[in-house]
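Architecture at a glance
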Amino acid sequence: MKEYNLDDTHIVQLNETEQNIALATDDLHVWYGSNEAIKGVSLQFEKNKITSLIGPSGCGKSTYLRSLNRMNDEIDGTSITGKILYKNTDLNSKAVDVFEMRKHVGMVFQRPNPFSKSIYENITFALKRHGKKDKKELDEIVETSLKQAALWDQVKDNLNKSALALSGGQQQRLCIARAIAMKPDILLLDEPASALDPISTSKVEETLINLKEDYTIVIVTHNMQQASRISDYTAFFYMGKVFEYDKTRKIFTRPKIQATDDYVSGHFG
Ligand SMILES: Nc1ncnc2c1ncn2[C@@H]1O[C@H](COP(=O)(O)OP(=O)(O)O)[C@@H](O)[C@H]1O
Ligand SMILES: [Mg+2]
């Protein structure tokens, strides 16, 4: 195993105006008990862009992503220090109402996990919990969310069918529709295509590219081609740190850090 200098890093700062930064972390550390899984990550995510998080298995990508909307709160023994900055608020503050916050920062998981309910109810479930009751409004949100997730044409005549009867790729697009029905600003996705076949994967990728117009997207992927196809920025994680963060084009053509170069060219470790 090659030794990499953990202090040799290259992290771009967005030189855009602050309004162009949808979300940022400042010196974020995450512990599972005494295991420090994230060791001081400071990244800025640009609005209406797709950022990929890449790196070898176990390097902390999922932990970092989950901490962005406080999903790690649900795992016993975790602690987080540092800031998660969203619209002048620190989402890591105890004062944040996590249930409310997740309307703004939504998440899609690795395995499609639709509720065992109808397609229609999958999308309206959280909306109803948040007090939306108007049938006409709910119908409209169901339609626009399914259209944005590129699923509408396939399901519009069967909205009362069980979500579990859909194919894996369709279920994952339903989960994306369910997340965007809440109209979040930020959509977090953890390897959303890893359980899908190539055709479903390319549909999910197309969906994400189209969603960029309205959302800021942060996606974990172990698929380097996917990162280079769909993302504007890429962060390379290793051992709980970010070694390099830059425009995707640079990461894949002219990385500045040896570890990144080795990883993207398949010569890592
Ligand atoms: N729920 C958990 N409880 C305890 N340790 C965890 C948990 N999830 C992840 N870890 C540990 O945190 C580190 C980072 O894991 P993870 O974020 O899943 O990496 P990646 O997504 O890059 O594969 C690993 O050492 C892993 O064992
Ligand atoms: Mg993971």
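This write-up is about the structure you can find in this document. Keep in mind that what you see is a predicted model, and the values were worked out from it rather than measured.

About the cut-offs
- Residues numbered from 1 in each chain as written.
- Chains lettered and ligands numbered in written order.
- Predicted model: local features only at pLDDT ≥ 70, side-chain atom pairs only at ≥ 80, totals over all residues.
- Heavy atoms only, no water.
- Near = heavy atom within 4 Å.
- Polar contact = N/O pair within 3.5 Å; in protein donor to acceptor, adjacent residues only side chain to side chain.
- Areas by Shrake-Rupley, 256 points an atom, 1.4 Å probe, with all protein chains shown as cover.
- Helix = DSSP H or I, 4+ residues; strand = E, 2+ residues; numbered from the N terminus.
- Nonpolar A, V, L, I, M, F, W, Y, C, P; charged D, E, K, R; others polar.
- Buried < 20%, exposed > 50% of the residue type's maximum accessible area, 1.4 Å probe, protein only.
- Pairing = 2+ DSSP bridges.
- Salt bridge = Lys/Arg side-chain N within 4 Å of Asp/Glu carboxyl O.
- Expected span 1.5 Å × (residues − 1).
- Arc of directions from axis to C-beta.
- Contact = heavy atoms within 4.5 Å.
- Phe/Tyr/Trp six-rings, centres within 6.5 Å; stacked < 30°, edge-to-face > 60°.
- Lys NZ or Arg CZ within 6 Å of the ring centre and 35° of its normal.

The subject of this paragraph is the site of ligand 1. Around ligand 1 there are 13 residues in total, and Gly58, Gly60, Lys61, Ser62 and Thr63 lie nearest to it. Within the backbone of Gly58, an N or O atom sits 2.7 Å from an oxygen atom of ligand 1. A distance of 2.8 Å separates an oxygen atom of ligand 1 from a polar side-chain atom of Ser62. For ligand 1, whose unbound accessible area comes to 550 Å², protein coverage reaches 62%. Broken down by secondary-structure element, the contributors of at least two residues to the shell around ligand 1 are strand 3 (35-46) and helix 1 (61-68). Counting residues per element, the shell around ligand 1 draws most heavily on helix 1, which supplies 4 residues. Along the lines of polarity and charge, the residues of the shell around ligand 1 split into 5 nonpolar, 6 polar and 2 charged.

The element strand 8 (residues 186-190) is extensively covered by neighbouring structure, given that 5 of its 5 residues are classed as buried. Burial of the side chains of strand 8 extends over both faces: Ile186, Leu188 and Asp190 are buried on one face and Leu187 and Leu189 on the other. Pairing between strand 7 (residues 105-108) and strand 8: 4 bridges, direction parallel. Each bridged residue has a counterpart across the sheet, and for Val108 the counterpart in strand 8 is Leu189. As defined by bridge partners, strand 8 adjoins strand 9 (residues 216-220) across 5 bridges and the pair is classed as parallel. Bridging across to strand 9, Leu188 finds its partner in Val218.

The final tally for this structure, using the stated rule, is 11 salt bridges. A salt bridge links Asp139 to Lys135, with the shortest nitrogen-to-oxygen separation between them at 3.0 Å. Taken together, the residues span about one helical turn, with Asp139 and Lys135 both in helix 4 (residues 135-148) at a distance of 4 residues. On the accessibility criterion, Lys135 (54% relative accessible area) is exposed. Asp153 is paired through a salt bridge with Lys156; the nearest N and O atoms lie 3.8 Å apart.

With that settled, consider the sheet that holds strand 5 (residues 78-86). In any sheet, the strands associate via hydrogen bonds between backbone groups, in a parallel or an antiparallel arrangement. Across the sheet, which stays open at both edges, the 4 strands sit in the order 3-2-5-6 with antiparallel pairing between neighbours. Strands at the two margins of the open sheet, each flanked by one partner only, are strand 3 and strand 6 (89-90). Of the strand pairs in this sheet, strand 5 and strand 6 are connected by 2 bridges, and their pairing is antiparallel. Bridge pairing links Leu85 to Asp90 in strand 6.

Attention shifts here to unusual backbone geometry. Within the chain, Glu191 stands out as a residue other than glycine whose phi angle is a positive 45°. Using a relative accessible area of 14% as the deciding quantity, one classes Glu191 as buried. For Met239, which is not glycine, the phi dihedral falls at a positive 50°. Within the element layout of this structure, Met239 appears in the loop between strand 10 (233-238) and strand 11 (241-247). Residue Met239 is classed as partly exposed on the basis of its relative accessible area of 39%.

A word on helix 4. The end-to-end C-alpha distance of helix 4 is 20 Å, a good match for the 20 Å that 14 residues give at a rise of 1.5 Å each. Taken as a whole, helix 4 has its buried residues at Leu138, Ile141, Val142, Ser145 and Leu146. Considered in projection along helix 4, the buried side chains sweep an arc of 120° and stay on one side of the axis. Buried positions along helix 4 lie against helix 3 (119-129), helix 5 (152-155) and helix 6 (168-180). Once helix 4 finishes, Ala150 follows within two positions and takes phi at roughly 55°, a positive value.

This part is about the packing of aromatic side chains. What the rule picks out here adds up to 12 aromatic pairs. With a centroid separation of 6.4 Å and an interplanar angle of 50°, the aromatic rings of Phe45 and Tyr64 are classed as tilted. Of this pair, Phe45 sits in strand 3 while Tyr64 is found in helix 1, placing the two residues 19 residues apart along the sequence. A relative accessible area of 0% means that Phe45 is categorised as buried. The class for Tyr64 is buried, based on a relative accessible area of 0%. Grouping aromatic residues by their ring pairs yields a cluster made of Tyr4, Phe236, Tyr238, Phe243, Tyr263 and Phe268. When the ring centre of Phe115 is taken as reference, the NZ or CZ atom of Arg178 above it lies at 4.3 Å.

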